[in-house]
Amino acid sequence: MTDMPLYLHFIYSFIATIGFSIFFNAPKVTLIASGIVGGVGWSLFYYLVKITGNDILANFISAIIVSYLSEILARKLRQPAIIFVIPGVIPLVPGLGMYNTMLYLVQNDYARAISKGTNVLFVGGAISLGILVITSLIKTLHIISKKAAK
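Values in this document were obtained by computation on a predicted structure and should not be read as measured data.

Caption draft 1: Up close: unusual backbone geometry. We note that Asn 25 has phi near 55°; this positive angle belongs to a residue other than glycine. Looking at where Asn 25 falls in the secondary structure, it is placed in the loop between helix H1 (6-23) and helix H2 (31-52). Residues other than glycine seldom take positive phi values, yet Arg 78 does so here, at roughly 55°. As for its position among the elements, Arg 78 is in the loop between helix H3 (55-77) and helix H4 (82-89).

Caption draft 2: The packing of aromatic side chains, seen in detail. Enumeration over the complete set of coordinates arrives at four aromatic pairs. Ring geometry for Phe 20 and Phe 24: centres 6.2 Å apart, planes at 35°, overall tilted. For Phe 20, a relative accessible area of 35% translates into the label partly exposed. Ring centres 4.9 Å apart and planes at 45° place the aromatic pair Trp 42 and Phe 45 in the tilted group. In this pair, Trp 42 and Phe 45 both sit in helix H2, three residues apart, roughly one turn of the helix. With respect to class, Trp 42 is no different from Phe 45; both count as buried. Taken together through their ring pairs, the aromatic side chains of Phe 20, Phe 23 and Phe 24 make up a single cluster.

Caption draft 3: The packing of helix H5 (residues 95-106) against helix H6 (residues 110-149), seen in detail. Across the interface, H5 lies against H6 with an axial gap of 8 Å and an inter-helix angle of 160°. One element, H5, and the other, H6, form an angle in the roughly antiparallel class. H6 is crossed by H5, and the crossing has left-handed handedness. For the pair H5 and H6, contact is made by Gly 97, Met 98, Asn 100, Thr 101, Tyr 104 and Leu 105 and by Tyr 110, Arg 112, Ala 113, Lys 116, Gly 117 and Val 120, respectively.

Caption draft 4: Layout of the side chain of Asn 59. Within the secondary structure, Asn 59 is located in helix H3. Ignoring sequence-local partners within four residues, the contact set of Asn 59 consists of Phe 45, Leu 92, Val 123, Ala 126 and Ile 127.

Caption draft 5: Broad picture of the environment of Gly 117. Examined against the element boundaries, Gly 117 turns out to sit in helix H6. Residue class for Gly 117 comes out buried when judged on its relative accessible area of 15%.

Caption draft 6: Summary view of the pattern of salt bridges. Scanning the entire structure with this criterion turns up three salt bridges. Across the pair Lys 50 and Asp 3 runs a salt bridge whose closest N-O atoms are separated by 3.3 Å. With Lys 50 in helix H2 and Asp 3 in the segment before H1, this pair connects stretches of sequence that are 47 residues apart. With relative accessibility at 71%, the residue Asp 3 sits in the exposed group.

Parameters and conventions
Residues numbered from 1 in each chain as written. Predicted model: local features only at pLDDT ≥ 70, side-chain atom pairs only at ≥ 80, totals over all residues. Heavy atoms only, no water. Helix = DSSP H or I, 4+ residues; strand = E, 2+ residues; numbered from the N terminus. Phe/Tyr/Trp six-rings, centres within 6.5 Å; stacked < 30°, edge-to-face > 60°. Buried < 20%, exposed > 50% of the residue type's maximum accessible area, 1.4 Å probe, protein only. Axes fitted to C-alpha atoms, helices over the stretch in contact; angles between N-to-C directions. Parallel < 35°, antiparallel > 145°, perpendicular 65-115°, else oblique. Left-handed = near helix turned anticlockwise from the far one by under 90°. Contact = heavy atoms within 4.5 Å. Salt bridge = Lys/Arg side-chain N within 4 Å of Asp/Glu carboxyl O.

Following this line, the structure appears as structure tokens:
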């Protein structure tokens, strides 16, 4: 990773997230909010990796925050949460790791390919699990509150 200041990481991931939101035909009302979600998610990831050195944990926590912010914004803006979640996690996806895994396989460097590929799988699992935890928790709390209201 580069040694840019944290605010530049936020700005660049904000712009990238808005770009993916446009690519996915998100409503114009949601573009800035999606950008903020992606910017916060990536900035948190970058900060946590610098502190802990553990990219799997950093991705998990960042995905939790992205998912939580998406659920909040979905209710505020009366849109589906998926409009914020998908573009918000795009900056977290380990694209370079996937590329390097395939490069090592093509170069017949199987030890490095397995090492990098395993890390990529764990990172992908951490992102998925972070989204799953918050989405399930929010839906469960929503069902409980509906039953309590009756």
